Amino acid sequence: MSGDGPVRYWLEGTELLETPEPAQEAEPWSETRVVGQRLRRVDAYERVSGTARYPSDIVLPGMLYGAILRCPHPHARVLSVDTTAAEAMPGVRAVVSGFTDLDRAMRPHQRLIRENLFVELCRHEGETVAAVAADTPYRARDALRAIRVDYEELPFISDERDALESGAPLVHEAGNRVSDPRVYERGDLARGFEEADIVLEEEYRTECELHTPLEPHGCVANWEGDRLTIWESTQGVYPVRQDAARALGISQSKVRVVGEYMGGGFGSKLGAGKYTIIAALLARSTARPVKLFLTREETFLTEGNRPPANMHVRAGVKSDGTLTAVEFVATATGGAYPAGGTSALDYLIRDLYLCPNVRAETADLYINAGPARPMRAPGHPQCAWALEQMMDTLAEAIDMDPLEFRLKNVPAVSQAGGRPYTTTGLRDCLSEGAEAFGWTEARARAERGTGDPYVRRGVGMAGAMWAAGGGGPPATVIIKLFSDGGVSLNMGASDIGTGTKTVMAMVAAEELWIDPGDIEIEHADTATTHFASASGGSKTVPTESPAVRAAALLVKGQIIDMAARQLGVEPGTLQLREGRVVSESGEQPEVAISELTELRRRGFVEGIGFRGPNPAGKAVNPFAAQFCEVEVDLRTGEVEILRFLGAHDSGRVLNRMTYDNQVFGGITMGIGFGSTEKRVLDRGQTGRLLSRGWHDYRIPTALDVPADMSTVAIDPGDTEANTTGTKGIGEPATIPTAPAIANAVYHATGVRVTDTPITPAAVVEALARRPRGA
Amino acid sequence: MSTSNADGSDGNRGVSRRGFLSSMGVGAVSMALPTELAGTPPPSPEMVEAGDLTQIALRINGREYPALVEPRWSLLHVLREELGLTAAKEGCGRGECGSCTVLIDGAPRYACLTLALEAEGTSVTTLEGLMKGEELGPTQQAFAEEDAFQCGYCTPGQIMATEGLLLQNPHPSQDEIRTGVSGNLCRCGTYAHIFKAVDRAAGLRSAEGGGS
Amino acid sequence: MLQNFSYARVSSLGEAIEHLAPTGSRVHAGGTDLLGCLRDGVFAADKVVSIAGIDALKGIGDSANGVVRIGALTPLAEIAASPLVQQGYTALAQAADAVGTPQLRNQGTLGGNVCQKPRCWYYRGPFDCMRKGGGRCYALTGNNEGHAIFGGTGCHVVHPSDTAPALMALGATATLMGPEGRRSVALSDFFVPPRVDPTSETVLGPGEVLTELVLPTPREGLRSSYRKVRGRRSWDFALAGVALALRMTPAGVVETAKVVFSGVAPVPWRSTAVEQVLTGQSLTDDVVRLASEAGVEDAQPLRHNGYKVDLLRGIIAEQLTSIA
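Residues numbered from 1 in each chain as written. Chains lettered and ligands numbered in written order. Predicted model: local features only at pLDDT ≥ 70, side-chain atom pairs only at ≥ 80, totals over all residues.

1. Observations regarding the overall build of chain A
Heads up, the condition is: By definition, any uninterrupted DSSP run of H or I lasting at least four residues is a helix, any uninterrupted run of E lasting at least two residues is a strand, and each is numbered from the N terminus. The burial criterion counts other C-beta atoms lying within 10 Å of a residue's C-beta, which is placed from the backbone; the residue is buried at 20 or more, exposed at 12 or fewer, and partly exposed between these limits. Whether two residues are in contact is decided by their C-beta atoms, placed from the backbone, lying within 7 Å.
The number of helices and strands found in chain A is 18 helices and 28 strands. Along the first, second and third principal axes, the C-alpha set of chain A runs to 85 × 75 × 50 Å. For chain A, buried positions account for 64% of its 774 residues. Contacts in chain A between residues far apart in sequence, at least 24 positions, make up 80% of those at least 6 positions apart.

Right, dumping it as structure tokens:
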């Protein structure tokens with residue numbers, strides 16, 4: 001379990017189960033037939049026909065609709081809650097609050113945030129105060145409006161940059177620091193700066209980013225006697241089951257969680273929400289199914305975010321391009337509770353580039369805002385924004401090409417943990433990506449100008465790695481092959497849209513010589529599968545696919561043994577080919593699977609595959625470099641992104657089409673992080689959320705991304721990491737995007753935008769500050 | 001449009017009313033009749049009191065669906081929660097995401113910003129209506145082939161926006177394609193594949209002779 | 001989720017006016033802004049009066065008697081796609097095409113776009129601000145990055161319409177029908193600035209409906225354009241925008257100029273300063289520079305929206321250069 005280094009956020013709060021170590025691990029594939037192809041998804045039909053049933057699509061007979069009353073103040077004490085009028089309203093079936101009799105509702109709802117379900121001391125806008133269930137969602141909202149709450153408003157703080165000022169209001173009595181600042185050090189920083197020919201420093205800031213999956217957070221809860229079924233929009237049905245059972249004080253065996261389809265999570269749906277528990281309570285008290293999906297603004301307030309970060313970087317370099325020292329001092333906030341405001345914020349500083357002298361100090365602060373949740377590569381895009389801009393700045397200072405400067409500082413060993421990487425494709429990502437992009441020519445072309453004095457072109461790039469992405473145990477996958485040739489694959493993990501089901505079917509199909517589309521998949525249902533951790537951390541493919549391969553090999557072995565007995569030959573001479581067991585030489589008799597008498601008697605064979613441990617003493621990490629070309633309008637500040645290329649080392653590519661899709665998706669989210677997105681709180685005034693919808697919280701549209709996107713797959717197949725040679729792609733794909741844009745904008749204009757997002761306003765402001773004639 | 005005063009201050013009325021509505025929703029599907037009528041003109045003038053349920057007939061995917069609705073109910077709510085047509089999704093409830101896109105008289109619109117009462121007298125097409133029995137329509141086929149989705153939640157809306165675009169403009173340019181789906185957010189970021197899918201859908205439709 | 005309201009569907013203006021007379025009644029045209037406002041609690045409605053079925057208010061008329069009439073219920077998509085509008089009133093076609101998204105342009109109407117409620121995250125959010133009858137403008141002291149740099153007396157919202165500045169530049173007149181009958185109002189007199197009344201946006205009285213917009217037939221040499229800059233390339237309202245309508249001689253001399261800004265003031269903001277610089281001049285680099293400076297001369301930016309001054313100056317220059 002050493003493979004994923006310091007970052008394993010997707011397991012936080014989850015009780016991890018142990019699985020047996022496989023007795024024997026398979027050899028790496030030498031060549032593949034199915035794996036690596038561009039194949040249509042096994043569930044494409046469901047997803048384009050409207051028959052994929054998402055949790056929010058569930059409609060049950062007699063179903064009620066739940067809704068939650070939330071604190072409108074950033075910091076307030078609830079003095080009383082009067083639900084009398086709401087209870088008397090037509091169609092209202094249940095009203096619950098911290099002041100009603102449902103005392104079970106007071107149980108702490110999470111391991112990490114030990115607050116009651118309904119909060120008396122509200123530390124951020126959106127804390128839960130009461131909830132209702134009614135016949136229609138409209139009537140549920142009517143009832144919320146009829147609940148009277150007395151609040152004592154308290155002083156609040158809504159920006160971490162104000163949190164340590166003397167006299168600042170306190171979010172928690174002990175102060176606004178979550179803990180003492182965390183310090184990482186190696187080498188001798190002072191000496192490193194002395195050795196440098198050039199030392200530069202700069203302040204960078206990244207704004208708070210919201211996950212905003214298209215399907216809001218929520219669930220449908222239904223009791224049958226003392227058994228609870230929850231259809232939840234989640235990245236992991238097992239963590240939801242653990243959370244729900246714990247909060248409700250019942251056995252996990254009494255809770256079934258189903259989440260076959262879900263409309264996006266990006267780290268914000270790793271466990272049960274308060275809404276899950278509230279829906280279950282409302283359903284129990286009304287003896288009716290309850291559907292409780294949050295409104296869009298509720299999800300903005302309470303269902304997580306990527307913390308804003310303020311980063312000071314000081315770095316020293318020799319004129320030959322050797323990095324001698326990097327210092328990183330950062331503050332960030334996970335909101336009103338300990339929620340990982342500085343999680344992995346300094347990881348790239350520690351590990352991405354070769355540097356003997358490093359110091360990183362990160363301080364996590366409280367403010368009166370909704371708690372953070374892990375968001376697609378926690379900490380990394382923030383750190384990349386700072387580090388990758390500083391790399392370009394250093395390169396310019398020593399008159400070196402930014403690509404060449406990075407190539408000079410590629411480490412062979414993980415400096416953060418002092419362990420070698422199983423594979424590092426950073427150098428290949430940089431050089432092969434640059435070649436495919438046409439880096440040198442594009443830079444030169446951009447510098448020749450566009451012919452329009454007010455439109456400048458620029459080309460930029462950035463490198464990246466992801467602290468995790470190697471996966472690891474536990475994983476349990478069951479494959480059955482039936483006597484009629486049918487195959488089923490059973491796994492607990494969710495397919496959150498990345499194509500998990502498809503690539504697992506491809507791995508099984510590779511070993512069993514069948515069409516992946518013919519494999520029936522059961523997954524993401526605690527009633528029918530074995531434990532899986534939530535799909536997050538870019539670990540689902542490297543975690544599950546070796547278990548799939550192990551299960552398939554166990555099935556194959558049994559089939560070959562049966563055939564060997566039936567044919568009276570040695571099993572070692574036989575192979576599985578397109579539904580038949582044949583000899584390697586082709587000279588011996590062969591038999592169709594459907595003609596195996598032993599299989600026909602038994603009906604099926606079953607293989608239970610487990611995930612073996614990662615190699616001891618090694619670091620397993622994905623690497624990346626991204627390149628982009630932009631045009632900047634000097635009069636309006638508009639930045640048009642013309643093209644993007646992602647070069648990624650994520651080990652073996654199982655399906656090139658879904659791989660491309662992941663990279664393009666990561667780039668698109670990175671474009672949002674770098675160019676358009678910013679959660680805005682009413683700092684210094686009401687402290688409330690101002691960007692309450694997608695009009696004011698701008699995620700990229702089809703017109704904000706280039707149609708010209710491409711990938712370069714650095715595909716060595718990480719044969720040491722695991723038996724499928726895979727590493728994760730989901731998170732690394734979004735890490736270098738924003739600084740690549742910032743570097744391209746600098747190349748175009750000569751001005752650096754050091755705060756996200758690079759809006760027209762930001763560019764216009766930066767250009768106005770530029771000395772005339774520059 | 002006829003008006004029935006089914007609401008009251010009595011809390012219990014909600015039960016029977018709701019029970020009736022649920023069975024109506026299920027019944028509506030089986031009672032739906034194919035009809036040759038091309039969108040009956042709305043009767044007028046009409047008035048519905050606040051909170052009252054009114055019986056309306058919605059023409060969806062070529063069939064008539066009777067439904068009981070309150071004035072404030074959106075077309076999206078009626079489609080998803082009352083009629084069991086759940087392909088159109090709710091992402092925001094206020095026209096900011098496009099997940100609820102349906103065709104109204106052939107043009108893409110947001111079902112969350114359309115009162116159910118306003119849809120009466122129009123012809124509504126949802127993703128379900130693009131299916132030919134169990135077979136995918138050409139736009140759906142193109143989205144499947146180009147992997148133009150990830151989580152798939154925005155996909156019904158993306159496909160309906162594409163369908164509307166191609167009905168109006170069977171051979172869109174790259175810019176027209178991008179504009180055509182610019183009213184539909186995809187947080188998974190699959191736009192690059194969506195552009196290819198729209199292009200492919202245009203090809204498949206013209207190969208079919210103008211498409212469905 | 002919307003609160004309860006009663007609903008009236010009318011087939012004639014007379015019925016509409018009758019239903020709309022009581023306060024608390026709200027007119028439903030395309031519904032896009034109305035339902036958003038109701039959902040967000042910007043205001044409540046006792047009764048929603050749907051005029052969407054009144055066919056007489058739809059369509060773009062032919063040029064007759066020196067004018068072109070556009071029904072208030074004409075969808076924005078139809079206006080953007082109309083050859084007549086594209087050729088004669090380019091600014092209007094560009095503005096209609098710049099609104100929202102394809103879906104919103106299919107559903108939203110010209111009248112609704114002109115009459116929509118302002119954009120301000122305090123006004124649209126759960127804040128009891130001056131425009132909602134409260135005592136203060138939160139934007140003045142709060143986060144005002146999207147707010148007005150002109151005319152923000154008491155309330156600093158920006159007018160969100162793209163079509164209104166274009167229509168104003170093109171010299172449109174609004175036809176209103178109400179309990180007192182019909183009246184015509186120049187669009188430049190249609191909008192109410194906050195210094196007059198911070199709680200209303202237009203001169204529409206109780207029960208009064210905007211029925212059509214009347215444009216003069218384009219005169220020889222008319223060139224017009226509309227351009228807005230936004231945070232995202234779809235859905236967004238203007239951070240700043242410029243509508244131009246210039247009548248130019250074959251030699252390129254500006255005979256008359258109408259210049260109206262979007263996204264920078266509580267009402268579509270006419271800039272007579274720019275018009276004066278341009279009138280009688282050729283669009284040389286010097287004139288463009290002087291005009292773009294004149295356009296921002298009286299700007300009064302707030303703490304967070306100073307960029308709008310530079311941005312607006314840039315858009316004016318860009319548009320004057322490209323229209324020349």
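2. A closer look at the nonpolar core
Nonpolar side chains in soluble globular proteins tend to be buried together. All names here are of chain A. Put simply, the rule is: In this usage, the nonpolar core is the set of buried Ala, Val, Leu, Ile, Met, Phe, Trp, Tyr and Cys residues whose C-beta atoms join them within 7 Å.
Core analysis: the biggest nonpolar cluster contains 410 residues, and Val-132, Ala-508 and Val-745 have the highest contact counts within it. The element contributing the most residues to this core is helix 14 (residues 540-567), with eleven residues. Filtering out sequence-adjacent residues up to four positions away, Val-745 remains in contact with Gly-458, Val-630, Val-632, Val-639, Val-753, Ile-758 and Val-763.

3. As for the interface of chain C and chain A
The condition that has to hold: Under the convention adopted here, Pro, Cys and the residues Ala, Val, Leu, Ile, Met, Phe, Trp and Tyr are nonpolar, Asp, Glu, Lys and Arg are charged, and Gly plus all remaining residues are polar.
Facing the 27 residues of chain C at the interface are 31 residues of chain A. Elements that contribute at least two residues to the side of chain C that touches chain A include exactly helix 8 (138-141) and helix 12 (307-323) of chain C. Here the side of chain C that touches chain A takes seven residues from helix 12 of chain C, the largest share from any one element. Classifying every residue of the side of chain C that touches chain A gives 13 nonpolar, eight polar and six charged.

4. Topic: the environment of A:Glu195
Residues and elements named next belong to chain A. Within the secondary structure, Glu-195 is located in helix 4 (residues 189-195). Glu-195 gets classed as partly exposed once you count the C-beta atoms within 10 Å, which come to 16. Between the alpha carbons of Glu-195 and His-217 there is a distance of 52 Å; along the sequence they are 22 residues apart. Contacts of Glu-195, omitting those with residues within four sequence positions, involve Lys-318 and Thr-324.

5. Structural notes on the interface of chain B and chain A
At the interface, 57 residues of chain B touch 52 residues of chain A. Contributions of two or more residues to the side of chain B that touches chain A are made by helix 1 (13-31), helix 4 (138-145), helix 5 (155-168), helix 6 (174-180) and helix 7 (191-207) of chain B. Looking at the side of chain B that touches chain A element by element, the count peaks at five residues for helix 7 of chain B. Here the side of chain B that touches chain A is built from residues that sort into 22 nonpolar, 20 polar and 15 charged.

6. Here we look at the packing of helix 4 of chain B against helix 5 of chain B
Residue and element names in this part refer to chain B. Inclusion rule: Axes here refer to lines fitted to C-alpha atoms; in helices the fit is confined to the stretch in contact. Angles between the N-to-C directions go from 0 to 180 degrees. Here roughly perpendicular refers to angles of 65 to 115 degrees, roughly parallel to angles under 35, roughly antiparallel to angles over 145, and oblique to all remaining angles. By convention the crossing between two helices is left-handed if the near helix lies anticlockwise of the far one by an angle smaller than a right angle, and right-handed if it lies clockwise.
The contact between helix 4 and helix 5 brings their axes to 10 Å, and the two run at 125°. Between helix 4 and helix 5, the crossing angle belongs to the class labelled oblique. By crossing handedness, the relation of helix 4 to helix 5 is classed as right-handed. Note on element contacts: helix 5 touches helix 4 through Thr-155, Ile-159, Thr-162, Glu-163 and Leu-166, opposite Thr-139, Gln-140 and Phe-143. Its residues assigned to classes, the contact of helix 4 with helix 5 shows three nonpolar, four polar and one charged.

7. Quick word on the sheet that holds strand 8 (residues 198-206) of chain A
Residues and elements named next belong to chain A. What counts is decided by this rule: The rule for pairing is simple: two strands pair if DSSP sees at least two bridges between them.
Read across the sheet, five strands follow the order 7-15-14-13-8 without closing on themselves; strand pairing throughout is mixed. Each edge of the open sheet carries a strand with a single partner, namely strand 7 (182-186) and strand 8. Taking the axes of each pair of neighbouring strands and ignoring which way they run, one obtains an average angle of 10° across the sheet. Pairing of strand 14 (residues 323-333) with strand 15 (residues 358-365), which is carried by eight bridges, proceeds in the parallel orientation.

8. Examining the sheet that holds strand 4 (residues 121-122) of chain A
Picture the strands of a sheet paired through backbone hydrogen bonds; they go either parallel or antiparallel. Residues and elements named next belong to chain A. In spatial order, the strands read 4-2-6; together these three strands make up an open sheet with antiparallel pairing. Edge strands, defined here as strands with exactly one partner in the open sheet, are strand 4 and strand 6 (148-153). The pairing of strand 2 (residues 76-82) with strand 6 spans six bridges and is antiparallel. Note that in strand 6 the partner of Val-78 across the bridge is Tyr-151.

9. Overview of helix 6 (residues 274-286) of chain A
Residue and element names in this part refer to chain A. Heads up, the condition is: Working rule for helices: expected span equals 1.5 Å times residues minus one.
For helix 6, built from 13 residues, the straight-helix expectation of 18 Å at 1.5 Å per residue is met to within 8% by its first-to-last C-alpha distance of 18 Å. Burial analysis of helix 6 places eleven of its 13 residues in the buried class, which makes it a mostly covered element. After helix 6 finishes, the residue Ala-287 shows a positive phi value of roughly 55°.

10. Some words on the confidence of the model for chain C
For the record, the criterion: Every residue carries a pLDDT, the predictor's confidence in it, which falls somewhere between 0 and 100.
The share of residues in chain C with pLDDT of 70 or more is 100%, and the mean pLDDT across the chain is 97. Scored by ipTM, the complex comes to 0.97, with pTM at 0.95.

11. Topic: the environment of A:Gly425
Residues and elements named next belong to chain A. Tracing the backbone through its elements, the reader meets Gly-425 in the loop between strand 17 (419-420) and helix 11 (426-437). With 27 C-beta atoms packed within 10 Å, Gly-425 lands in the buried category. Residues Gly-425 and Val-410 lie 15 residues apart in sequence; the distance between their C-alpha atoms is 9.6 Å.

12. A few points about the pairing of strand 19 (residues 476-482) of chain A
All names here are of chain A. Of all seven residues making up strand 19, five are buried, and the element is well covered by its neighbours. Relative to strand 20 (residues 487-491), strand 19 runs antiparallel, the two sharing five bridges. Within strand 20, the residue paired with Ile-479 across the bridge is Leu-489. Once strand 19 ends, the chain turns through four residues before running back antiparallel as strand 20, passing Gly-485 with a positive phi of about 95°.

13. Examining the pairing of strand 23 (residues 580-583) of chain A
Residue and element names in this part refer to chain A. The pairing of strand 22 (residues 574-577) with strand 23 spans four bridges and is antiparallel. Each residue of the ladder has a partner; that of Leu-574, found in strand 23, is Ser-583. Hairpin connection of strand 22 to strand 23: two residues between the antiparallel strands, including Glu-578 at a positive phi of 45°. With two bridges connecting them, strand 23 and strand 24 (residues 591-592) associate as antiparallel partners. Within strand 24, the residue paired with Val-581 across the bridge is Val-591.

14. Let's talk about helix 4 of chain B
With seven of eight residues buried, helix 4 of chain B is to be regarded as a mostly interior element. Within helix 4 of chain B, burial applies to B:Pro138, B:Thr139, B:Gln140, B:Gln141, B:Ala142, B:Phe143 and B:Ala144. Next to the buried residues of helix 4 of chain B lie helix 1 (44-49) of chain A together with helix 5 and helix 7 of chain B.

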